[in-house]
Amino acid sequence: MHTQAIAIVELYKSFGGPPIETQTPGEVRARYASTALPSDEIVAEIRNVSANGIPARLYRPRLDEVLGLCVYFHGGGWVIGDLETHDDVCRAIANRSGHAVLSVDYRLAPEYPFPAPLDDCIAATQWAYEHADELNCDPNRIAIGGDSAGGNLAIAVALESDVPLCGLVLVYPGTDATQKFRSQNENANAPILTKATVTWFLDHYLGNEVSRDDPRVSPLVALDEKLAKLPPTLVITAEFDPLRDEGEAFAARISSLGVPTSSVRFAGQIHDFIRMSRFLDDAHNARALIGSTLSRALQVN
């Protein structure tokens, strides 16, 4: 494990507290919210908007021109996370890419289980496409992205929505809810995210009624003809993460179907590392990679 990641793990251990899977969603949300530090990323404009009635936040690195747009879905296992927990990430992506970012505050499980979070993300993306002029963005230059559960939602939106997309950015995405991959057991007791915690999130999101093989939940099993239509895709994974192998399997599958795909594993890193820019050099490296990828995807043709 990276020496900086080890320091983060030790810091988290010093805080104490019970495992996530033994707590209520409200307790975990409060604890996760407390990890969001004030951002030192300065952007030209931050504006709260309503995207088809769904709270969202627009970040623009420049005011004086029409920009491309990345619609971003935060991580948190469909149960935790919000605009504030990913404020710094979205500011950084806007600054590194040179394009606007729209962060979506979709409804959370278990109060709003599947498909409510996905429905919100589809509706918000559709609104961004139809109202791009209000955001001073180009409707023909839209990408989507997300981390962890947000990456899962981004794939599902790309598969289910009719919005034309220029790119897809996935940071340690969940792509297979059956938890069958080796990294689920290899990293079962990994820091930050354990296999038991993944199960806790999935149970809150899906309950007992939704098949784990539904492609809207496990996009790795979606039909070839649907996956082959995905836009150019970047997949970032972390070595010490239960979700590592399913993310990389998804990258391999869509690449085999002809989708231009880049898959980058951050050796020595842990789940959620992209949010830890105060402590991890690799968080800055990952943000720079996302920014350069979006800059190419959203450039004027």
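Just so it is clear, the structure is predicted and the values come from calculations on it, not from any experiment.

Participant: Would you mind showing me how to read the pairing of strand β2 (residues 54-60) here?
Facilitator: On a regular strand, each side chain points to the face opposite its neighbour's, so the side chains alternate between the two faces of the sheet. Burial runs high along β2: 6 of the 7 residues are buried. Two strands pair when backbone bridges link them, and strand β1 (residues 45-51) and β2 are joined in this way by 7 bridges, in the antiparallel orientation. Bridged to V49 within β2 is A56. Where β2 and strand β4 (residues 100-104) come together, 4 bridges link them in antiparallel fashion. Bridging from a neighbouring strand, A56 pairs with V104 of β4.

Participant: In this structure, what is going on with a nonpolar patch on the surface? I would like to understand it.
Facilitator: A grouping of L11, F15, L37 and F279 is seen on the molecular surface, where their side chains present a nonpolar patch of about 390 Å² in accessible area. Its location among the elements puts F15 in helix α1 (residues 3-15).

Participant: Is there a simple way to explain helix α5 (residues 149-160) in this structure?
Facilitator: The terminal C-alpha atoms of α5 lie 16 Å apart, and with 12 residues this matches the ideal 16 Å at 1.5 Å per residue to within 8%. Most of α5 is tucked away, with 11 of its 12 residues classed as buried. Among the residues of α5, those classed as buried are A149, G150, G151, N152, L153, A154, I155, A156, V157, A158 and L159.

Participant: Just to check I follow, could you spell out the packing of helix α4 (residues 116-130) against α5 for this structure?
Facilitator: For any two helices packed against each other, the geometry comes down to the angle between their axes and how far apart the axes lie. The N-to-C vectors of α4 and α5 enclose an angle of 60 degrees; their axes lie 9 Å apart at closest approach. Viewed along their axes, α4 and α5 adopt a mutual orientation that is oblique. The crossing of α4 and α5 is right-handed. Contacts between α4 and α5 involve P117, L118, C121, I122 and T125 on the former and, on the latter, L153, A156, V157 and E160.

Participant: Would you mind going over the packing of helix α3 (residues 87-97) against helix α10 (residues 281-297) with me for this structure?
Facilitator: Following both chains from N to C, one finds α3 and α10 inclined at 50 degrees, their axes separated by 8 Å at the closest point. Judged by the inter-axis angle, α3 sits oblique to α10. Handedness of the α3/α10 crossing: right-handed. Each of D88, V89, A92, I93, R96 and S97 in α3 lies in contact with α10, whose residues at this interface are H284, R287, A288, I290, G291, S292, L294 and S295.

Participant: Just to check I follow, could you spell out the state of the cysteines for this structure?
Facilitator: Cysteine pairs can be covalently joined through their sulfur atoms, and such a bond is termed a disulfide. Following the criterion strictly, the structure yields 0 disulfides and no others. For the unlinked cysteine C121, the closest cysteine sulfur is that of C70, found at 12 Å. Residue C166 stays outside any disulfide, its sulfur separated by 11 Å from that of C70, the closest cysteine.

Participant: Please explain α3 as it appears in this structure.
Facilitator: At 3.6 residues per turn, the α-helix brings residues three or four places apart onto the same side. For α3, the buried fraction is high: 9 of the 11 residues fall into the buried class. Within the span of α3, buried status applies to D87, D88, V89, C90, R91, A92, I93, A94 and S97. Looking at the residues trailing α3, positive phi occurs at G98, about 80 degrees.

Participant: Which parts of the structure should I look at to understand the sheet that holds β4?
Facilitator: Here we have 8 strands laid out as an open sheet, ordered β1-β2-β4-β3-β5-β6-β7-β8, and mixed in their pairing. Only two strands of the sheet have a single partner each, and these edge strands are β1 and β8 (261-270). The sheet shows a mean angle of 20 degrees between the axes of neighbouring strands, taken without regard to direction.

Participant: Teacher, can you tell me more about the environment of K226 here?
Facilitator: Its place among the elements puts K226 in helix α8 (residues 224-227). Here K226 is in contact with L159 and E160, once residues within four sequence places are set aside.

Participant: How do you make sense of the nonpolar core when you look at a structure like this?
Facilitator: Generally speaking, soluble globular proteins have nonpolar side chains that are buried together. Formed by 64 residues in total, the largest nonpolar core has its most connected members in L69, F73, I144 and L230. Looking at this core, the element that brings in the most residues is α5, giving 8 residues. Those residues in contact with L69 that lie beyond four places of it in its chain are L58, A100, V101, L102, A128, L135, C137, R141, I142, A143 and L298. Judged by nonpolar contacts, the second largest core, of 31 residues, contains V89, A143, Y172 and L234.

Participant: I tried to follow the pairing of strand β7 (residues 233-240) on my own but got confused; where do I start?
Facilitator: Most of β7 sits inside the fold, with 6 of its 8 residues counted as buried. With 4 bridges joining them, strand β6 (residues 167-171) and β7 adopt parallel strand pairing. Pairing of L170 across the sheet is with V235, part of β7. Inspection of the sheet shows β7 paired to β8 by 7 bridges, in the parallel sense. In the sheet register, A238 faces β8, and the bridge partner there is F266.

Participant: Sorry if this is basic, but what is going on with unusual backbone geometry here?
Facilitator: As a rule of thumb, non-glycine residues mostly have phi less than zero, and peptide bonds are mostly trans rather than cis. Going from A109 to P110, the amide bond is cis rather than trans, its omega being 5 degrees. Within the element layout of this structure, P110 appears in the loop between β4 and α4. Residue P115 is reached from F114 by a cis peptide bond, and omega for that bond is 10 degrees. Within the secondary structure, P115 is located in the loop between β4 and α4. Positive phi outside glycine occurs at N52, with the angle close to 60 degrees. Of note, N52 is situated in the loop between β1 and β2. Not every positive phi belongs to a glycine, and W78 is a case in point at roughly 65 degrees. Mapped onto the elements of the fold, W78 is located in the loop between β3 (67-73) and α3.

About the cut-offs
Here the residue index of a chain counts from 1 through its sequence in written order. Reporting of local features is limited, given that this is a predicted model, to residues whose pLDDT is at least 70; pairs of side-chain atoms are given and counted only at 80 or more, and all residues count toward the totals for whole chains, interfaces and linings. No hydrogens and no water enter the side-chain calculation; it runs on all heavy atoms of the structure. For every residue, the accessible area obtained with a 1.4 Å probe (protein chains only) is divided by the maximum for its type, and the residue is called buried under 20%, exposed over 50%, and partly exposed between those limits. Only DSSP runs of H or I covering at least 4 residues are called helices, and only runs of E covering at least 2 are called strands; the numbering of each starts at the N terminus. A pair of strands is labelled paired if DSSP reports no fewer than 2 bridges between them. Surface patches are drawn from residues lacking salt bridges whose relative accessible area is over 30%; two like charges belong together within 9 Å, two nonpolar side chains (Val, Leu, Ile, Met, Phe, Trp, Tyr) within 5 Å. Each accessible area value is a Shrake-Rupley result obtained with a 1.4 Å probe; residue values ignore everything except the protein chains displayed when judging cover. Here, a salt bridge means any Lys or Arg side-chain nitrogen found within 4 Å of an Asp or Glu carboxyl oxygen. One less than the number of residues in a helix, times 1.5 Å, gives the span that helix is expected to have. Angles shown run from 0 to 180 degrees and are taken between the N-to-C directions of axes, each axis being a line fitted to C-alpha atoms and, for helices, limited to the stretch in contact. Any angle that falls under 35 degrees is termed roughly parallel, while one over 145 is termed roughly antiparallel, one within 65 to 115 roughly perpendicular, and all others oblique. It is the rotation of the near helix from the far one that decides the hand of a crossing: anticlockwise by less than a right angle makes it left-handed, clockwise makes it right-handed. Any two residues having at least one pair of non-hydrogen atoms within 4.5 Å are treated as being in contact. Sulfur atoms of two cysteines make up a disulfide when they are within 2.5 Å. Take the buried Ala, Val, Leu, Ile, Met, Phe, Trp, Tyr and Cys residues and link them wherever side-chain atoms come within 4.5 Å; each set so joined is a nonpolar core.

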